[in-house]
Structures are given as C-alpha cells and as structure tokens.
Protein chains: 2
Amino acid sequence: MERHATINDVAKRAGVSITTVSRILNNKPDVAPATRQRVLEVIQELDYTPHTQAQNLAAGRSRSIALLYPSESMGFSEMEFEFFVGCAQVAAKAGFLFNLIVNSVTEHGLLNLFRGSQVDGVILMEIHLRDWRVELLRDHDYPFVLIGRCQDNTGLSFIDVDFEYGMMAACEHLFSLGHRHIGFINLTDSLREQDYGPAVRSFWGYERACARFQLPIIYRDSLPTIDALFAATGDLLDAHPDLTGLVTMHCGSLVGVLRAAQKRGLVVPDDLSVMGILTDQIAQLITPPLTAISFPAQAMGSRAMRMLIRKLRDETYQAKQITLKPPLVVRESTGPVRHK
Amino acid sequence: MERHATINDVAKRAGVSITTVSRILNNKPDVAPATRQRVLEVIQELDYTPHTQAQNLAAGRSRSIALLYPSESMGFSEMEFEFFVGCAQVAAKAGFLFNLIVNSVTEHGLLNLFRGSQVDGVILMEIHLRDWRVELLRDHDYPFVLIGRCQDNTGLSFIDVDFEYGMMAACEHLFSLGHRHIGFINLTDSLREQDYGPAVRSFWGYERACARFQLPIIYRDSLPTIDALFAATGDLLDAHPDLTGLVTMHCGSLVGVLRAAQKRGLVVPDDLSVMGILTDQIAQLITPPLTAISFPAQAMGSRAMRMLIRKLRDETYQAKQITLKPPLVVRESTGPVRHK
DNA sequence: TTGTATGCGTTATCAC
DNA sequence: GTGATAACGCATACAA
C-alpha cells in the first residue's frame with residue numbers, strides 16, 4: 001500500500017520527458033543510447049515498474065483472457081483441472097493474465113467483459129451444438145475460441161476431441177479382441193436433446209462402429225454419476241447376458257460400471273472388458289487401470305489459449321479448427337473375449 | 001470491436017454533467033429522482049455500460065484477486081480443481097475477477113501484481129513453513145490470505161486443514177477397530193526438509209497417536225506417485241508382516257498402496273485397512289471406496305476468498321486463522337482387525 | 001442537488 | 001532524437 005514511482009518521477013529525475021521514458025519502456029527505436037542508459041539507471045534507482053492497469057487503459061487492451069467454464073455439473077473434475085492449467089500456463093508465458101469464470105454468465109455479463117476491457121478474449125467450454133454465447137460473440141466480433149464445437153462452425157476457431165472417432169476406436173479395439181456383443185452407455189438423453197455435442201457425436205461413433213462390424217446395438221443412457229452408471233450397467237447386463245464388452249463416453253463416474261460388474265460376479269477384464277474416455281491420471285486411479293481413450297485435456301487447454309493469443313496478436317489470423325483424434329491407451333480393463 | 005458509449009455520451013444526451021452520471025452509476029445519494037430517472041433512460045437507450053478498467057484505474061483498485069498455485073507437482077488434482085472453483089465462485093458473487101496463476105512467480109512478478117494494480121489481493125497455496133512470498137507480502141503490507149500456514153503466523157490470515165488432527169483421527173479409527181500395528185506413509189523427507197507444512201504436521205499426528213495408544217512406529221516416506229507408494233508400501237509390508245493398518249497423508253496416488261497390498265494377496269479391508277486424506281470425489285473413485293479423512297478443498301477455497309474480500313472491504317478487519325478439523329468418512333477400506 | 005476541474009498512469013500524435 | 005499535449009474513461013474534492 002505504499003506509493004510507487006510513476007513514469008513522471010522517472011522522467012523528472014532523469015531530466016527527460018515521459019514520452020522518452022515510455023519509448024524506452026516499450027523498446028521503441030529513436031532514442032539515444034546515452035539517454036536510454038541514464039533512464040534505465042533511474043528506473044533501477046527508483047525501483048520503478050510501469051502501472052499495468054494504466055498501460056492497458058491507454059493502449060485499449062487488458063492483457064487478460066478469461067475461460068468460461070459453467071461448473072453446474074461438477075463431477076470428477078481432474079479433467080477440468082487440466083484444462084485450467086493448460087490455459088493458465090500458456091497465458092502466463094505470453095504475458096497474459098488468466099481469469100477463470102465458473103459461474104454461469106448472462107448475455108450482459110459476457111458482453112461487459114469486453115466492453116469494460118476486462119478481457120481481450122475468452123475461451124468457451126461446455127459448448128452446445130447451438131450456443132447463444134457463440135452467436136453473441138460472433139455477432140459482436142469479439143475474439144474467442146471454443147473448447148468443443150457447434151453444429152455450424154463457419155468462421156469459428158475451436159479445438160475439440162473427435163468423440164465419434166474415439167468411440168469407434170474403442171469399439172474397434174474390443175472387436176479386435178474378439179468381442180461381438182459390445183454395449184454402449186451414453187450421456188443421458190435429456191442432455192443430448194439439449195444439443196450437448198460430445199453425447200451426440202459419441203453415439204454416432206458407436207452406431208458407425210456397430211454398422212461397420214455388423215454388431216447389434218446394445219445401448220443405455222445415464223447421468224454422469226457413479227450411481228446412475230451402476231444402475232444403467234446393471235440394467236444392460238441383465239437384459240443382455242451375452243455382453244462381453246462395454247464402452248462409455250463417461251469419465252470418472254464409470255467406476256459405477258465396474259461396481260455393477262463386480263456385483264454380478266463378473267471380473268474385469270476376464271468376463272467383461274470396459275472402456276471409457278478419460279484423462280490418463282484418472283484412468284490410472286481406477287481399479288483395474290482402465291484401457292481408455294486418452295482425453296488430452298491439458299493439451300487442449302494450452303492449444304486453445306495459443307490460438308486465441310495468436311488471434312489477438314494478428315488480426316488477419318485465420319480461424320483454425322482442430323479436431324484431435326485421441327489415442328487409445330491399453331491398460332488392464334480390456335482383454336480377449338472368453339466365451340462363457 | 002465496436003465503439004461504445006462513454007459516460008460523456010450519456011451526460012451530453014441527458015443534459016447533465018458526467019459527475020451526475022457517475023453518481024447514479026455508483027448509487028450515491030443527493031441526486032434528484034427526476035434526474036436519475038432521465039439519466040437511467042439515456043443509459044438504456046445508449047446501451048451504455050461503464051468501462052470497468054477505467055473505473056478501476058480512477059478508483060485505485062482492480063477488483064480482481066489472484067490465486068497463486070505453483071503447479072510443478074501435478075498429481076491427481078481433483079483437489080486443486082475444488083480449490084479453484086471454491087475461490088472462483090465466491091469471487092464472482094462479490095464482483096471480483098478471479099485469476100489463476102499456476103506458473104512459479106518471482107519476487108518481482110509478485111510485487112508487480114500489486115504495483116500495477118493487477119490485483120487487489122492474492123491467495124497463496126502450497127505454503128512452506130518459511131515462505132518468502134509470505135514475508136514479502138507482509139513486509140509490503142499487501143492483502144493476502146493463505147491456504148495452508150507457516151511456522152510463525154502472527155498477523156497472518158490463513159485457512160488450513162489440521163493434518164495433525166486428521167492423522168490422529170485416522171489412527172484412532174484404526175485403533176478402535178482393534179488394529180495395533182499401524183503403519184504410516186508420509187511425504188518424502190526431501191519435501192519435509194523443505195519445510196512443507198502438511199508433511200511435517202502429518203508426521204506429528206502419527207507420532208502423537210502412537211504415543212497415546214502405545215503403538216510401535218512403523219514408518220516410510222514416499223514421493224506422491226502411484227509407483228513410489230507402491231514401492232514404499234511393499235517395503236513396509238515386507239518389513240512388518242504384522243501390519244494390519246496403514247495410514248497415509250497422500251491423496252490419489254495411494255492407489256499404489258492398494259496395489260501393493262493386492263500384489264501380496266492381501267485383501268482390503270479384510271487383511272489390511274487403508275486410510276488417506278482426500279476429497280470425497282476421489283475417495284469414491286477408488287476401489288474399494290476409501291475410508292478417509294475428508295479434505296474440504298472447495299470449502300477452503302471459498303472461505304479463503306471470503307476472508308480476503310472482507311479484508312479488502314474493511315481495513316480494520318482482524319487477521320483470522322482457521323484450522324479445520326476434517327471429518328472422517330467411513331467407507332469400505334477399513335474394517336475390524338482379523339488376526340492372522 | 002448539480003457542475004467544474006483535476007487526477008489516475010499510461011500511450012500516441014504530433015510538432016520541433 | 002526529443003518533448004508538449006491530447007487522449008483513455010472514469011472518480012472525486014470542491015465550488016456553486
């Protein structure tokens with residue numbers, strides 16, 4: 001709470017104008033070496049640092065970027081942590097402040113972030129196929145990047161996981177192990193009907209895999225909680241005793257699947273192979289360590305941030321749309337089918 | 001990227017001075033109802049919103065708070081996620097921006113956050129018993145709150161978990177189940193020697209419990225990774241075949257403990273009871289669901305943020321030091337001792 | 001109750 | 001090369 005030296009103090013002490021000091025601070029040309037030297041010394045003496053806030057106001061920017069993550073749906077959120085850290089690391093290295101907004105935002109609130117120069121750009125998470133935030137920001141021509149994507153993505157920058165590919169890859173892995181009755185547990189319909197992209201595309205992937213391998217469609221949906229997945233899995237196993245493989249687009253809560261299997265005396269992977277799509281960290285936490293589609297959350301966060309920052313630096317930067325094909329990591333929850 | 005109405009535009013259009021507009025924006029008294037009415041209408045018409053950044057510069061504040069979380073040690077970080085969300089929610093409700101800084105910060109960098117009015121206050125995580133950041137901020141009289149605490153906490157505001165109590169409670173739980181040979185796995189010495197508080201105090205708790213119940217001290221330390229805990233546990237079990245209970249201050253990586261037990265044919269909890277200190281989310285993810293000291297991460301985050309905001313609002317606000325006694329939640333990893 | 005004038009700490013546009 | 005001076009958009013002591 002002390003009073004700090006300002007650019008004025010420096011200018012006076014060095015016997016130059018604030019303009020010159022400003023030039024030196026911003027590494028602009030056209031300043032005599034001797035002058036620069038002297039001013040730098042004074043800056044040292046006075047322990048002066050520029051007032052970021054004032055710099056930003058004058059320059060018409062904020063040097064900060066917000067991540068909008070509506071957190072209503074808190075689950076096993078190691079994944080979100082990785083998103084955050086990925087974003088935050090890149091932002092800091094580029095000299096940006098990173099703010100995290102987890103409350104749901106109103107239209108007014110979102111616009112005000114930009115109008116008040118609180119942020120230079122935002123990254124959106126939990127994108128719906130039709131998302132009012134996207135339309136709003138696009139209409140106003142504010143810089144933003146999506147983690148996830150919409151139905152119509154023309155002109156948008158996003159980074160997303162190819163859920164369709166992921167689910168297909170999971171099915172293919174099980175198929176190659178000899179499984180011919182592969183169940184699928186998706187996110188509950190109510191969310192799919194709200195156009196939640198990953199749920200929709202995951203189902204497509206499962207459908208396509210079944211079509212290609214000529215497998216029966218064995219399907220349930222479930223809320224993303226352990227209990228719900230426990231119930232859904234039980235239901236599915238009871239209805240389809242011939243099931244030997246199970247794929248889900250759920251994350252941590254799929255331990256409910258494992259417990260449902262265990263309750264019925266099924267050993268994973270001997271009697272039932274199980275797969276999901278989750279971060280390596282969480283997959284390793286589960287018993288048995290889960291063969292899974294590896295969700296590259298941190299990489300997505302950092303790449304989204306990089307895209308946004310490039311966009312901010314370069315007005316002409318073209319929208320970039322990245323769809324990552326997540327790798328499959330084999331661990332211990334899948335194995336060759338064993339006919340009963 | 002449009003040009004927005006300013007307070008000047010509003011003033012002109014309403015035929016008043018900017019002072020009056022400012023008064024109305026800030027809900028100050030002494031403004032005629034009629035005037036207020038008229039100005040508010042103009043604000044509507046022009047779709048005006050105050051420029052937050054300029055407000056902050058003029059008012060000498062930033063209305064934002066940073067959380068400093070040096071993320072070198074990424075583990076199973078659902079816990080950190082909860083800290084973040086706890087902080088972020090409270091900040092947003094109080095009208096503060098929340099920035100997350102995960103990179104390690106230099107002395108200069110930390111000071112500049114304040115000098116440049118980038119933040120009004122900070123919350124520190126990963127506190128060491130002697131922490132240069134604490135001393136620096138205290139010397140400069142900048143507002144901050146700790147999640148965790150130091151050795152000398154005079155005048156500091158912090159919120160912390162009582163690890164000593166937690167470890168004692170864990171031991172007591174096992175003792176009450178009949179266990180008389182309770183091992184302990186702490187964080188590795190190298191970190192303890194760096195004065196990392198939780199490790200130090202956890203060990204105190206274990207020691208005190210052993211003293212009180214007259215138990216032998218059976219102890220190893222380990223890095224917080226699955227592999228390290230697997231190795232440490234194996235080592236401990238081999239050296240002490242009479243071990244029936246195991247307490248650790250580790251979080252997610254304690255699945256290494258469970259796997260070491262499993263490898264030796266020990267069933268948890270029948271042959272070995274295991275406890276840790278972790279969030280409920282992670283405890284439920286583990287198989288078997290873990291009896292654990294429940295780490296109240298989100299509550300700590302929100303309380304820390306509340307403390308800091310009160311401090312910012314009220315200069316006279318006294319330093320508050322909160323040490324939470326985390327509850328013990330019984331799940332399925334502990335049971336009565338079964339003599340071999 | 002309202003308005004004037006000054007300040008917040010910079011950057012940027014000119015002249016010189 | 002360098003320096004006035006005007007923005008940037010708002011808050012606020014003081015005067016009216």
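See the structure above.
Criteria and cut-off values
Residues numbered from 1 in each chain as written. Chains lettered and ligands numbered in written order. Predicted model: local features only at pLDDT ≥ 70, side-chain atom pairs only at ≥ 80, totals over all residues. Heavy atoms only, no water. Salt bridge = Lys/Arg side-chain N within 4 Å of Asp/Glu carboxyl O. Buried < 20%, exposed > 50% of the residue type's maximum accessible area, 1.4 Å probe, protein only. Helix = DSSP H or I, 4+ residues; strand = E, 2+ residues; numbered from the N terminus. Contact = heavy atoms within 4.5 Å. Buried area = accessible area lost by both parts, 1.4 Å probe. Polar contact = N/O pair within 3.5 Å; in protein donor to acceptor, adjacent residues only side chain to side chain. Nonpolar A, V, L, I, M, F, W, Y, C, P; charged D, E, K, R; others polar. Phe/Tyr/Trp six-rings, centres within 6.5 Å; stacked < 30°, edge-to-face > 60°. Lys NZ or Arg CZ within 6 Å of the ring centre and 35° of its normal.

> Go over the pattern of salt bridges with me, naming the residues and quoting the values.
Should their charged atoms come close, side chains of opposite charge can pair. Residues and elements named next belong to chain A. Under the counting rule described, the total for this entry stands at 24 salt bridges over all chains. The salt bridge involving Glu135 is made with Arg130; its shortest N-O contact spans 3.9 Å. Residue Arg130 is classed as exposed on the basis of its relative accessible area, which comes to 59%. Notably, a salt bridge pairs Lys325 with Asp162, separated by 3.0 Å at the nearest N-O pair. Taken together, the residues span a long stretch of sequence, with Lys325 in the loop between strand E11 (321-324) and strand E12 (328-329) and Asp162 in the loop between strand E5 (158-161) and helix H8 (163-176) at a distance of 163 residues. The network of salt bridges with shared partners includes Arg149, Asp160 and Arg201.

> How would you explain the interface of chain A and chain B if you had to name every residue and give the values?
Listed per partner, the contact involves 59 residues of chain A and 59 residues of chain B. Between chain A and chain B, a total of about 5,500 Å² is buried, with carbon and sulfur atoms accounting for 58% of that surface. Linking chain A with chain B are two salt bridges, by the criterion used here. Here chain A is connected to chain B by 18 residue pairs in polar contact (both at pLDDT 80 or more). Taken together, the elements giving at least two residues each to the side of chain A that touches chain B come down to helix H4 (52-59), helix H5 (78-93), strand E2 (97-101), helix H6 (107-115), helix H12 (255-263) and helix H13 (280-285) of chain A. Element by element, the count of residues in the side of chain A that touches chain B is highest for H5(A), at nine residues. For the side of chain A that touches chain B, the class distribution of residues is 25 nonpolar, 24 polar and 10 charged.

> Would you mind going over the packing of aromatic side chains in detail, with residue names and values included?
If you walk through the whole model with that rule in mind, you get 25 aromatic pairs over all chains. Measuring from ring centre to ring centre gives 6.2 Å for Phe184(A) and Phe203(A), while their planes differ by 45°; the resulting arrangement is tilted. You can see Phe184(A) sitting in strand E6 (residues 182-187) and its partner Phe203(A) sitting in helix H10 (residues 197-213), a full 19 residues away along the chain. Here Phe184(A) and Phe203(A) have matching classes, each one buried. Grouping aromatic residues by their ring pairs yields a cluster made of Tyr69(A), Phe81(A), Phe84(A), Tyr69(B), Phe81(B) and Phe84(B). The side chain of Arg63(A) reaches across the aromatic face of Phe96(A), ending 5.7 Å from its centre. One Lys or Arg, Arg180(B), reaches over the ring of Phe175(B) and ends 3.8 Å from the middle of that ring.

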